[in-house]
Amino acid sequence: MAKLVVLPCEDYSKEHVSACVDSIFADFGGAEAFLVKGKNIFIKANLVTDLPPERHGTTHPMLVECIARRLVQAGARVVVGDSSGGAYTRAYMNNVYRVTGMTEACKASGAELNDDFGFSTVDLKGKVNRHQEIIDVFLKADAVINVCKLKTHGFTGYSCAVKNLYGLIPGLVKAEVHSKYPELDDFCDNLIDIERFASEKILLHVVDGVIGMEGEGPTNGTPRFVGKIIACDDAYITDVAAVKLFDEPSKMPLLLKAVERGLLNSDFGASCVDYSECEKAYIEDFKRVSVLHALFNKRGFLRRFLRKEWVTRKPVIKKSVCRGCEKCFRHCPRQAIEMKSDKSTQKKRAFIHSKQCIRCYCCQELCPFNAVKLKKPFLYRVMRALSVSKSKKTKKQG
Ligand code: SF4
Ligand code: SF4
């Protein structure tokens, strides 16, 4: 049976975060209980891109530092890393480590930064994904701690423990995988296939939910105080607990898919663990993302009557903000982005060809200047308003 720990944490001070980390390890029988002595432990953080900690799009370095220190004290060799959305190279990742605060976190804790940028193709034996390139640092580790960030996500609705494991796919290969699974239904199956493969090595999932991200997550949203650190040995229970802080698990296609595949009970694990700490801390006015494109799964009833573009947010480039860095252009899985010369300035600016776009929102996630805006079509706004008022009614009745 899964074990869930939900702790209040009011800020990222060393005192408060290390008290939470000590408490988590104590609840799981101590770091020593994980038998980490002499083992290679990989801390898989969320380092989606080179964002400083105060933007709260990546795992906070203090949480990584405190977990790493505890494992080092227990005799483990600890390696910290991730594969960001950009190139999986030493130069690119060293910059990400520096900006996200991981360099300092490793120095302070006695951990090492991952310096192995190799990857290998493995037999996932998944439902939709049979073979996948996976980063070697994960494959070579004896065990893994998945330290994720609580965020909204334009495509999947939220990002937490399961979505964080998408970062086991090396840099630019992620775009190919997005292209292979353009429908959310298949993409969720793919995420679960990766989680199933990874789960054997994962000792613990820890959620950085002290300050999460609301609105335009996973990188261009607004930091929002949530005040929780969650730990669990099951990825889906972890995600349900995190989602319960700001939304309903039944609205998340990934969690519904986990129920469908028998990885969660139909009550989202409520009969196995106690979610009351999360339910009590529910944030009513959290800026959520509606995953209306879930209606467009293969069996979706509405698929026959509505066009996807009518109910999904359309990425558009704000020309005045775009600096022409080409990051979105290089990573778009459908080559839907063109770099065009601006007539007045002659400078290159990105332009999205909407018909080719599969609404994966990688461009929005990766743009370092927040130049990709998501336009809400009329029908999207109507359906979102209806779903918000229904959700309020349900909460009141509950
Ligand atoms: S939209 Fe952003 S990522 Fe794309 S070229 Fe412009 S500044 Fe770069
Ligand atoms: S334009 Fe942006 S949202 Fe559309 S397919 Fe390309 S990266 Fe994805």
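For clarity, every value in this text was computed on a predicted model and none was experimentally measured.

Caption draft 1: Structural context of the overall build of the protein. Scanning the protein for helices and strands turns up 15 helices and 14 strands. Its C-alpha atoms give the protein a radius of gyration of 20 Å, within 12% of the compact-globule value 21 Å for 398 residues. Buried residues in the protein amount to 58% of all 398 residues. A total accessible area of about 16800 Å² is found for the protein, and carbon and sulfur atoms account for 53% of it. Each charge sign in the protein was given a centre, from 63 positive and 46 negative side chains, and these centres are 8 Å apart.

Caption draft 2: Quick peek at the site of ligand 2. Around ligand 2, the neighbouring residues are Pro315, Cys332, Pro333, Ile337, Ile352, Cys357, Ile358, Arg359, Cys360, Tyr361, Cys362 and Cys363. Considering only residue class, the shell around ligand 2 consists of 11 nonpolar, no polar and one charged.

Caption draft 3: Main features of the domain arrangement of the protein. Entries for the protein in the domain assignment read domain 1 (4–283) and domain 2 (314–375). The straight-line distance from the C-alpha centre of domain 1 to that of domain 2 is 28 Å. Listed by partner, the interface residues are 20 residues for domain 1 and 15 residues for domain 2. At the boundary of domain 1 with domain 2, total buried surface from both sides reaches about 1400 Å², with 49% on carbon and sulfur atoms. Remark: the boundary between domain 1 and domain 2 carries one salt bridge. Notably, a salt bridge pairs lysine 327 with aspartate 50, separated by 4.0 Å at the nearest N-O pair. Taken together, the connections running from domain 1 to domain 2 amount to nine residue pairs in polar contact (both at pLDDT 80 or more).

Cut-offs used in this document
Residues numbered from 1 in each chain as written. Chains lettered and ligands numbered in written order. Predicted model: local features only at pLDDT ≥ 70, side-chain atom pairs only at ≥ 80, totals over all residues. Heavy atoms only, no water. Helix = DSSP H or I, 4+ residues; strand = E, 2+ residues; numbered from the N terminus. Rg over C-alpha atoms; globule rule 2.2 N^0.38 Å. Buried < 20%, exposed > 50% of the residue type's maximum accessible area, 1.4 Å probe, protein only. Areas by Shrake-Rupley, 256 points an atom, 1.4 Å probe, with all protein chains shown as cover. Lys, Arg positive; Asp, Glu negative; His and termini not counted. Charge placed at Lys NZ, Arg CZ, Asp CG, Glu CD. Near = heavy atom within 4 Å. Nonpolar A, V, L, I, M, F, W, Y, C, P; charged D, E, K, R; others polar. Domains from an automatic or database assignment. Contact = heavy atoms within 4.5 Å. Buried area = accessible area lost by both parts, 1.4 Å probe. Salt bridge = Lys/Arg side-chain N within 4 Å of Asp/Glu carboxyl O. Polar contact = N/O pair within 3.5 Å; in protein donor to acceptor, adjacent residues only side chain to side chain.

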